[in-house]
Structure formats: C-alpha cells, structure tokens
Amino acid sequence: MSVGGWFQAVDIVHRSPGRVRLRYRTDPGSPDASRALQPAAATLPGVTGARVNARARSVILAYDPSVTDAERLRVALGGLAPPDAAAMAGKPGNDRPGNDRSAVVASAATLLGSGLLPRPLRFPLAMTGAAPLLKHALAEYGESGVTSHVLEGMAVAISLARADYTAANTTTFMLVLGEHLEESIARRSDHLLKHLLRPSCDEIWVMRGDDEVLVAAAEVVAGDTVIAGAGSVVPVDGTVLGGEATVNEAAMTGESVAVVKARGAKVLSGTLVEEGRLSIYAEQVGTGTAAARIAEYVEQSLLAKSEAQLEASCLADRLVPTVLRLAGASYLVSGDWHRAASVLQADYSCALKLATPVAFKSAMYGAGQSGILVKGAGALERLAQADTFVFDKTGTLTTGSLEVTDSIVFDAAYTPEDLIALAASVEEHYFHPLALAVVNAARALDSHHFDHQEVEFIVAHGVASVIDGKRIVVGSRHFVQEDEGIDIESHRDVVDGLYREGKTLLYIGYGGTLLGILALKDSVRGNSAATVRRLRALGVTRILLLTGDHMERAAELGEQLGLDGVHAELLPEDKARIIADLGRQGARIAFVGDGINDAPALAGAHVGVAMQKGADIARLTADIALLEDDIGKVADAKAIANATMALIATNYRLTVGVNTGILAAAALGLLSPIATSVLHNGATIGILLNALRRGGVNAPRHGRFP
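Below: a short report on this structure. (Residues numbered from 1 in each chain as written. Predicted model: local features only at pLDDT ≥ 70, side-chain atom pairs only at ≥ 80, totals over all residues. Heavy atoms only, no water.)

## Some remarks on the overall build of the chain
Regarding its fold elements, the chain presents 25 helices and 24 strands. The burial tally for the chain puts 49% of its 706 residues in the buried class. Considering only contacts in the chain between residues 6 or more positions apart, those separated by 24 or more positions represent 65%. For the chain, the exposed area adds up to about 30500 Å²; of that, 55% sits on carbon and sulfur atoms. (Helix = DSSP H or I, 4+ residues; strand = E, 2+ residues; numbered from the N terminus. Buried < 20%, exposed > 50% of the residue type's maximum accessible area, 1.4 Å probe, protein only. Contact = heavy atoms within 4.5 Å. Areas by Shrake-Rupley, 256 points an atom, 1.4 Å probe, with all protein chains shown as cover.)

Written as structure tokens, this is what we have:
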C-alpha cells in the first residue's frame, strides 16, 4: 500500500510473536536504506532490535508485544521522514576507525609523511591520525568497560606519551588497515550468503483460456499454467505440463550442466531456460517458491548465532582483562612502557569473534550452491554433533515415484505389453502420478499407441474412452467394479497377492470385462545404500527407519540398506514419541523426512532435514532443506557440517596458539610495538581468510569434490 514520504510502500512479509519482517520500496533519490533505515527503525516505540537487508529491501524488527504490534510498526515505519545528509554524517558508528578506505589512506599518509616533518610537528600529526581510534576507544570504555579496542587505544596512547611517533603511527596504520580488512572479510561472508537471493519476476506469462497473457507476479496463483521461454527465468516451482527445454539450474542447485526438462519434470523458480519453451503447472508461487524461501533462510542465517560462536565471543571478552593484567605485570617487572605497549597490541578478540561466524557463513554459502539450504549456523553445528540418523521411508529412502512392476492380463488375445500400451494411450492425457508411471513404462517398452476417442476424466477415480468401438476404463477398484459394474471377484487371489506385496493396483476394464491389472510400487533410491554407508563413515553410529508403512515392507527395506533398526505402522505422534525417547537416552538425532506427518518428528529432533519434494510444513519445520531430490545430499550436508566444525576448531587453536606466542614474546621484550602490531593483525587476517575459504568445507558429491 502507498504510504508516501520516504517510502512508496511498506508491506508485512512475515510475522511471529515479537518479530516482524517488512518489505519496502523507497522513492527515487531517497537515502541509502541500509545506513539510514536501521538506526531510524530502531528508535520506533517498542522496537528492541532492527536489521536491514538492503538487497532484499526488507527490515526485520524485534519488538515488545506489550508495547506495539506488527501492523502498528508497519504504519510507523511508513511514516518515517527521510533523513538529511548532515544527520546521517553524525550517526553512531560512522566515526569508527577502519570502516572505509579513506581512513586507511589517511593513516598511511600520516605514517609516510611524519618522518619528513620537523620534530615539533610530528606530535600534532600523529595525534590527528590517532584521534579517531582514541575517540572510539574512550566511547567504548564508557559503554562496555575494557575491551580489545580499549587495549589498542591504550597502546597508541603510551607510544604518543613516550614521543615514539613512528610506533604510534605504525600501530595506528596497522590497526586501521587490519580492521578495514577484517570488516571487508566479514562483509564478504554476508555477501556470499546474500548471493543466493534470486531476483523475482515482476510480470509472468500465463495461460488464460487459449491465450497467453502477461500478468503481474502477484496475480499468479497455484494451479495456473505458466509459460517460460528461452532466456527467461522460471518464476514458479512446478511440474512441466508440455514442451521441452534445456534448463540451467546452477543458480539453485550448483549443477553447472543444463538439464533437459519435459512433461512430468519438476522445475524450480530462479532457474534459467536456455533453449526451448515450457508450459508449467504452478505448484508454489510468490513467497512459497524455493527462491523466496532461500531469501528467508538467508535472512535467518545472518541473524542466528551458534553455540560455538557465542562461546568464542564470551571467551574473547574474558581474555581482555588477562591481556591488560599481563601488560601491567610486564611493566612492573621491567619498568619499560615500551614492553607494556607491545603487549597491548595483541589480543584474542578479533580472530575469536569473527573467524567462527565467517566460517559458518562461508560453509552455508557452499552448501547453498550444492543444493542444501541451512537455516543458520546452529543447524550446521547440531548436524555435526548428530550421531543418530532417523529416516522416513516414502519419498526419502525411496523415490516416492511409482513404477510399474507387474502387468497381468486375463485375456489371451493380449500380451502384458499390450495392456501397458492400452492403459498408457488413455492415461497420457492425465496429470497424475499413476498415469505418469504407466506412460513411462510404455515409453520404456517402446510400445505402440492405440487410437482412441475423447478421454473422459473422472476425478479421484480414473479415466475412460473408446478404442475400436469398445469402452476402456482405467482406474481404481471402486471405479471399475462399482461404477462400471465389471467383475473383479473372480480374480481375488491375484489381487490379494499383489496387495500383500505392498503394491498399488490399477485396474483396466475393456468391453465390460476386466482385461488386466497393472501393479505399481515405490522404488528404493539408487544411492540410498551408498548414503547410509557414507553417513557411517562420517561418524554416525546408528541409522533407523520410522514409517507408517507395513512392517513387512519396512523390514525388507531395512535389511536391504543395512539399517540398525526399523519401526513401522506408525502414526505421526508415534514418530515424535520415538524421537523424544531417543533424545532422553542421550542420542543426538538428525531426522530426515518429507511429509506433513513428519513435521512433529522434524521439530522434535536435534536437527531436522527436509527432502526437496517435501510438504511445505515439513520444509518450514526443518532446520535444513534440500533443493534437489537426492538423498545423497543428506550425507553431503553431514560432510559439510563436520568439515566446518573441524575448520572452526583449527582456527580456534591457531588463534589461541599464535596470539599466546605473540603475547609471550611481547611480554618478554622480544617484540617492539610495531612488530607486535604487524604480527597480530597479519595473523588475524590470515585466520579470517582461512575461515572464509570454501575449499575446506565443501562436501564430496558422490565420492568426489565438486
């Protein structure tokens, strides 16, 4: 809705108790929202926290529900007046040293030019260069007490007091340069994640009757037929109804080779049609698409902090007084302020506080590019800790797609292949999993097509037509037996035997008699066994199956895949109860599922993983969502999680070891303030770069690295 002033529109995208996400549109020429909006939004009544995502044009507000609500905040945000440039210049944080390149250039000029000036002018120049750092240190001391920035300010002040202007200028330059590089690296880790945000389409081609019409994206609803031609981005998640095209899915799955999409294939929003043209049945539109969910997951991941991150931050804060005491002790022992200034140059704070979140964000970016969406660092951390994996069956360890396993004919004039061809000839016009399975079976046999009259669709029952003057019906037992009056009882033994094998039956009546039966069954994924083996190699000690299916089928699958246990014929609450019981026994559980009935178990597990074809509620409840229909991605996610935590542990040891060595050398007088500053900042930047590297956290894909 239009609100005028600073914004053209402000809308509520998502809300939960105490939190609301708003999307805005600014007027042309309005201030940079990422800098102006966040402090302005934080001052709104009842707001306890604000974060702006400029790329997504959204703002997330945490608020006190007893003071305000989401709708009042939307109105209040829309009523904000645009700030002027002078007001922006005085915003807190703009004077923080190292937050832009000009500060680095000015500091370098001070360092290089100081030696060329007469000695009486060196102090004013050094003081001018150090002023922003000292001002920031004083402000932080007043707000938070002794912090790492306060220690740095003390080190520079000591050098200035001793008239060691070279040390003061060098230290100032290294601190400004180091902080600029640290912030740049931290920003890059955010940008890596934000790179997963996909641009949405403002207008979409859809079918309206027999015509293609360009409509606003907001007008497209589930069930529409969407047209995507060469060069266009697929705007919805759905299934191909017609046409054929090569689609580049790299933006969503990380797969560089374009894939061919034809009738029955699934397509994701955000993927690019390179050649050809597709008619797509829209299943998810707008904020329900995979691309929109990525945007939501990214925003959540940028806000979330893991246990490891919080522990590293707390440890860094606890070590600051230790560094201060060490500096005081070194001065008392030696009487040398030079040595004390050296000690104050080095601390653990920056590397400990920044390296962990940078590593998590880099890992989440790598996971996203591999088709695995991780909702925050905590989810990745819990997945690394998981020692028990619990799988749903249908759509998880199995494909969830039916295949024809038996073609049984009761008329000697027809072969089993004829039966499949007859059924496929009328089913090919029907968009249903059973119909697709029959058509695929006919194509595999390269069977001939039977000419027929117009096909009649009977909702939830089947299809009917006429071939060679005889009525043919294909569908459920109820449809064929009760609605069409075709006798099935004479073949009860065959029917019961197929049912006991856990198969789905499709009945074909022709000319008033039962011509035959097609039996279909869900197939085990080709890489399910390999995934189980990989999980064991990655440290998983127990792998279980929970399913609502019959015990015989579940036991057969458990034996086939080498699982440690099977629980069958379960209701959704039974799954959640078993997960809770395992948790009380001390297991750290990762649950992998895809259905609505899996949502309670996904929520109750230590970490939940939802399959790509999972129900919306399953994908929303899960901590990790797969973007590809590939069970192997579960093992990939575990590998990424393990590698990430190993990298964080390595960085932790490096941080503590290197900085402890630098501090010890400085306390013993082996390092000058300049040398300490160079070593400390260089080591910190190196550790951050190590945290940022993707090579250390990419998961192997089916036995190789991508």
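## What to know about the packing of aromatic side chains
Any two aromatic rings considered together are summarised by their centre-to-centre distance and by the angle between their planes. Following the criterion strictly, the structure yields three aromatic pairs and no others. Centre to centre, the rings of F389 and F391 are 6.4 Å apart; their planes meet at 35 degrees, and the pair counts as tilted. F389 sits in the buried class, given a relative accessible area of 0%. By relative accessible area, F391 is classed as buried at 0%. (Phe/Tyr/Trp six-rings, centres within 6.5 Å; stacked < 30°, edge-to-face > 60°.)

## A closer look at the sheet that holds strand β15 (residues 456-458)
Reading across the sheet, the six strands line up as β14-β19-β18-β17-β16-β15 and stay open at both edges, with antiparallel pairing between neighbours. Bordering the open sheet on either side are β14 (398-409) and β15, each of which pairs with just one other strand. Sheet twist, expressed as the average angle between the axes of neighbouring strands with direction ignored, equals 20 degrees. As judged from the four bridges shared by strand β17 (residues 470-475) and strand β18 (residues 504-510), these two strands associate in the antiparallel manner. (Pairing = 2+ DSSP bridges. Axes fitted to C-alpha atoms, helices over the stretch in contact; angles between N-to-C directions.)

## Brief notes about the pairing of strand β13 (residues 388-391)
Here β13 shows two buried faces, one formed by T388 and V390 and the other by F389 and F391. Of the strand pairs in this sheet, β13 and strand β20 (residues 542-546) are connected by four bridges, and their pairing is parallel. Bridged to F391 within β20 is L545. Where β13 lies against strand β22 (residues 589-593), four bridges are found, and the strand directions are parallel. Considered in β22, the bridge of V390 is made with F591.

## As for the sheet that holds β22
Note on sheets: strands pair through backbone hydrogen bonds, and any given pair is parallel or antiparallel. Spatially, β12-β24-β23-β22-β13-β20-β21 is the arrangement adopted by the seven strands of the open sheet, whose pairing is mixed. Across the chains shown, the open sheet's two edge strands, defined by having one partner strand only, are β12 (372-374) and β21 (565-567). When the angles between neighbouring strand axes are averaged without regard to direction, this sheet yields 20 degrees. Bridge count for β20 against β21 is three bridges, and the pairing is parallel. Following the sheet pairing, L546 is matched in β21 by H567. Packing against the sheet, helix α13 (residues 377-385) makes contact with β12, β13, β22, β23 (607-610) and β24 (624-626), and its axis sits at approximately 100 degrees to β23. Along the sheet, helix α21 (residues 572-584) makes contact with β13, β20, β21 and β22, crossing β20 at roughly 160 degrees.

## What about the nonpolar core?
Grouped together as the largest cluster of nonpolar side chains are 46 residues, with contacts concentrated most on F389 and F391. Apart from the residues lying within four places of it in its own chain, the contact partners of F389 are L383, L535, V540, R542, I543, L544, A590, V592, V634 and K638. In this structure, L419, V438, A441 and A442 belong to the second largest nonpolar core, which totals 26 residues. (Core = buried A, V, L, I, M, F, W, Y, C linked by side-chain atoms within 4.5 Å.)

## Points about the environment of P132
Along the chain, the position of P132 falls in helix α5 (residues 119-144). Residues P132 and T172, 40 residues apart in the sequence, show an inter-C-alpha distance of 9.7 Å.

## Remarks on the packing of helix α11 (residues 337-345) against helix α25 (residues 673-692)
One way to put it is that α11 packs onto α25 with a least axis distance of 8 Å and a crossing angle of 10 degrees. By the angle class used here, α11 and α25 are roughly parallel. Residues H338, A341, S342 and Q345 of α11 form the contact with α25, whose participating residues are P673, T676, S677 and H680. Looking at the contact of α11 with α25 residue by residue, the classes come out as two nonpolar, six polar and no charged. (Parallel < 35°, antiparallel > 145°, perpendicular 65-115°, else oblique. Nonpolar A, V, L, I, M, F, W, Y, C, P; charged D, E, K, R; others polar.)

## Description of the pattern of salt bridges
All chains considered together, the criterion is met by 20 salt bridges. A salt bridge links E489 to R477; the shortest N-O distance between them is 3.3 Å. Here E489, found in the loop between α17 (477-483) and α18 (492-500), pairs with R477, found in helix α17; they are twelve residues apart in sequence, far enough to count as distant. What makes E489 partly exposed here is its relative accessible area of 37%. The exposure class assigned to R477 is partly exposed, which follows from its relative accessible area of 22%. Taking the shortest distance from any N to any O, the salt bridge between K633 and E628 comes out at 3.5 Å. It is possible to trace a salt-bridge network through shared partners that takes in R534, E628, K633 and D636. (Salt bridge = Lys/Arg side-chain N within 4 Å of Asp/Glu carboxyl O.)

## Description of unusual backbone geometry
At D468, a residue that is not glycine, the phi angle is positive and equals roughly 55 degrees. By the element assignment, D468 lies in the loop between β16 (462-467) and β17. Look at D468 and you get exposed, because its relative accessible area is 68%. Phi angles above zero are rare outside glycine, and E569 is one such case at about 55 degrees. Relative to the assigned elements, E569 resides in the loop between β21 and α21.

## Let's talk about the side chain of K261
Among the structural elements, K261 can be located in strand β9 (residues 259-261). Given a relative accessible area of 11%, K261 falls into the buried group. For K261, the side chain forms a polar contact with the main-chain oxygen of K266, separated by 2.8 Å. When sequence neighbours within four positions are dropped, the list of residues in contact with K261 reads V240, G243, E244, A245, V247, E249, K266, V267 and L278. (Polar contact = N/O pair within 3.5 Å; in protein donor to acceptor, adjacent residues only side chain to side chain.)

## Quick look at the pairing of β18
Looking along a regular strand, one sees the side chains alternate between the two faces of the sheet. Of all seven residues in β18, six are buried, a share of seventy percent or more. Sheet topology places β18 next to strand β19 (residues 513-524); seven bridges connect them, and they run antiparallel. Across the sheet, residue Y510 finds its bridge partner in β19, namely T513. As consecutive antiparallel partners, β18 and β19 are separated by two residues, and within that stretch G511 has a phi angle of approximately 65 degrees, a positive value.

## Points about α21
Taking 1.5 Å per residue, 13 residues should reach 18 Å; α21 reaches 19 Å between its end C-alpha atoms and fits that length. Turning to α21, its buried residues number three or more, namely D574, K575, I578, I579 and L582. The arc that holds every buried residue of α21, seen down its axis, measures 140 degrees, which confines them to one face. (Expected span 1.5 Å × (residues − 1). Arc of directions from axis to C-beta.)

## Considering the environment of V678
Inspection of the secondary structure puts V678 in helix α25. Distance from V678 to A346, taken between C-alpha atoms, is 9.7 Å for residues 332 residues apart in sequence.

## A word on the packing of α13 against helix α24 (residues 632-667)
For the pair α13 and α24, interaxial distance at closest approach is 8 Å and the crossing angle is 100 degrees. Taken together, the axes of α13 and α24 lie roughly perpendicular to each other. Side by side, α13 and α24 meet where L380, E381, L383, A384 and Q385 of the first sit next to A637, K638, I640, A641, N642, T644 and M645 of the second. Split by residue class, the contact of α13 with α24 holds seven nonpolar, three polar and two charged.

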